[in-house]
Amino acid sequence: METLQVLVCDDEPGMRMSIARALRDFTFTVADVNAGVRLETDLAETGEEAVAKIDAAPPHILLLDHKLPGISGLDVLEHIASKKMDMLTIMITAYASIETAVRATRQGAYDFLAKPFTPAELKNAVRKAAEHVIVAQHARTLAREKRQVRFEFISVLAHELKAPLGAIEGYLQVLHDGSAGDDPTVYRQIIDRCITRTAYMRKMILDLLDLTRIESGQKKRELVEVDVVAAARTAIETAMPDARSRDIRICLLADQPVTMQADAGEIEIILNNLVSNAVKYNRDGGSVEVKIGETDDTVMVSVSDTGIGMSEEECAKIFNDFVRIKNRKTRDILGSGLGLSIVKKLAVAYGGDATVISRPDVGSTFTVTLKKAFVSAETTRDR
């Protein structure tokens with residue numbers, strides 16, 4: 001329940017008390033942001049008193065009489081405008097005219113209540129102003145959070161790119177100075193390391209492009225009938241050179257085609273990430289098991305490895321952006337920290353989910369479920 005401060009400025013005691021009484025137990029919900037609202041009311045008899053209270057603690061909503069002893073309601077409005085205070089003013093007057101309305105609007109009045117008005121009319125005007133205040137507050141909060149997320153995203157990205165760039169720069173300096181001697185084998189190793197770092201940065205850039213397209217809804221989907229088993233075979237073939245170099249066996253458990261309506265490229269992204277990770281984080285001489293199953297409306301992809309595994313705490317954050325498990329076993333393994341985040345987002349986009357079960361030094365099993373005929377709002381919009 002959010003509380004909004006309301007200041008009532010009117011020189012008639014009966015009017016002030018009537019408004020306070022009508023708003024005392026007035027609560028409601030702003031549907032747009034699902035926020036409950038209650039009001040706290042304060043009273044001022046003159047414009048001078050209102051200005052003093054506003055300067056001390058600006059209310060969210062000001063109910064302001066036009067005709068006041070001393071400075072007028074329009075004078076109070078002018079003071080608020082000069083201080084650029086963030087509040088909504090509802091003018092209450094028995095002497096409404098076009099000229100007054102125009103001037104008050106120019107000075108920032110949000111709405112008008114003509115005397116005499118009923119409690120229902122008062123509540124309707126205050127509720128409308130309160131909804132505007134709450135929605136604006138939530139919009140500002142979201143904007144701040146967006147800026148913070150963007151800052152953190154750029155900071156992490158800069159950190160992830162700085163290390164490989166620094167390594168490449170160091171290697172190039174060695175080549176430039178000729179300080180590695182005359183052994184061509186050493187220079188070949190340096191070049192290989194530069195190529196590895198460059199491949200890592202290229203992978204990160206491609207993952208970033210996939211991530212932004214998915215999150216923005218701008219990635220157009222071409223929905224066709226996809227055989228997930230065939231896509232798994234392709235992913236396994238892609239990972240085979242790395243697997244053979246470390247004597248890692250990969251087996252596919254699927255006796256028949258498993259088809260679904262999907263974008264072939266997105267299914268490829270899911271399987272490539274799962275299979276390549278299972279090889280990358282495995283132990284030499286280990287194994288990877290890829291299972292494809294289905295129910296009437298769901299496709300299930302499960303990839304198990306005999307690798308380094310993860311703790312419960314690491315499993316809880318592994319699907320977040322830029323998360324990579326960093327310890328002595330993984331320090332030489334390069335990765336963008338975006339692959340599993342993309343897998344999770346794609347699984348959710350297909351009405352499913354991505355989960356992991358893992359034990360340190362035993363291995364991990366990643367499971368992705370996808371709805372066979374799921375059509376998201378983004379897909380509908382793109383077609």
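Preceding this paragraph is the structure being described.
Everything numeric here is computed off the predicted structure, so don't read it as measured data.

A. Focus on the sheet that holds strand E3 (residues 35-44). Taking strand neighbours across the sheet as the criterion, the six strands line up as E2-E3-E1-E4-E5-E6 in an open arrangement whose pairing is mixed. The sheet is open, and its two borders are formed by strand E2 (27-30) and strand E6 (109-114), each paired with just one other strand. Direction aside, the axes of adjacent strands within the sheet are offset by 30° on average. Two elements, strand E4 (residues 61-65) and strand E5 (residues 88-93), share five bridges in a ladder whose sense is parallel. Bridge pairing links isoleucine 61 to leucine 88 in E5. The sheet strands contacting helix H1 (residues 13-23) are strand E1 (2-9), E3, E4 and E5, and the helix crosses E3 at an angle near 160°.

B. Geometry of a nonpolar patch on the surface. The grouping of Leu172, Leu175, Ile191 and Ile195 at the surface amounts to a nonpolar patch, some 340 Å² of accessible area in total. Of note, isoleucine 195 is situated in helix H6 (residues 184-216). A relative accessible area of 53% places isoleucine 195 in the exposed class.

C. Seen up close, the packing of helix H7 (residues 228-245) against helix H8 (residues 264-280). Look at H7 against H8: their axes get within 9 Å of each other, and the N-to-C directions meet at 35°. Between H7 and H8 the crossing geometry is right-handed. Residues Val228, Ala231, Ala232, Ala235, Ile236, Ala239, Asp242 and Ala243 of H7 pack against Ile267, Leu271, Asn272, Val275 and Val279 of H8. Partitioned by chemical class, the residues of the contact of H7 with H8 number eleven nonpolar, one polar and one charged.

Analysis parameters
- Residues numbered from 1 in each chain as written.
- Predicted model: local features only at pLDDT ≥ 70, side-chain atom pairs only at ≥ 80, totals over all residues.
- Heavy atoms only, no water.
- Pairing = 2+ DSSP bridges.
- Helix = DSSP H or I, 4+ residues; strand = E, 2+ residues; numbered from the N terminus.
- Axes fitted to C-alpha atoms, helices over the stretch in contact; angles between N-to-C directions.
- Contact = heavy atoms within 4.5 Å.
- Patch = residues over 30% accessible without salt bridge, like charges linked within 9 Å, V, L, I, M, F, W, Y side chains within 5 Å.
- Areas by Shrake-Rupley, 256 points an atom, 1.4 Å probe, with all protein chains shown as cover.
- Salt bridge = Lys/Arg side-chain N within 4 Å of Asp/Glu carboxyl O.
- Buried < 20%, exposed > 50% of the residue type's maximum accessible area, 1.4 Å probe, protein only.
- Left-handed = near helix turned anticlockwise from the far one by under 90°.
- Nonpolar A, V, L, I, M, F, W, Y, C, P; charged D, E, K, R; others polar.

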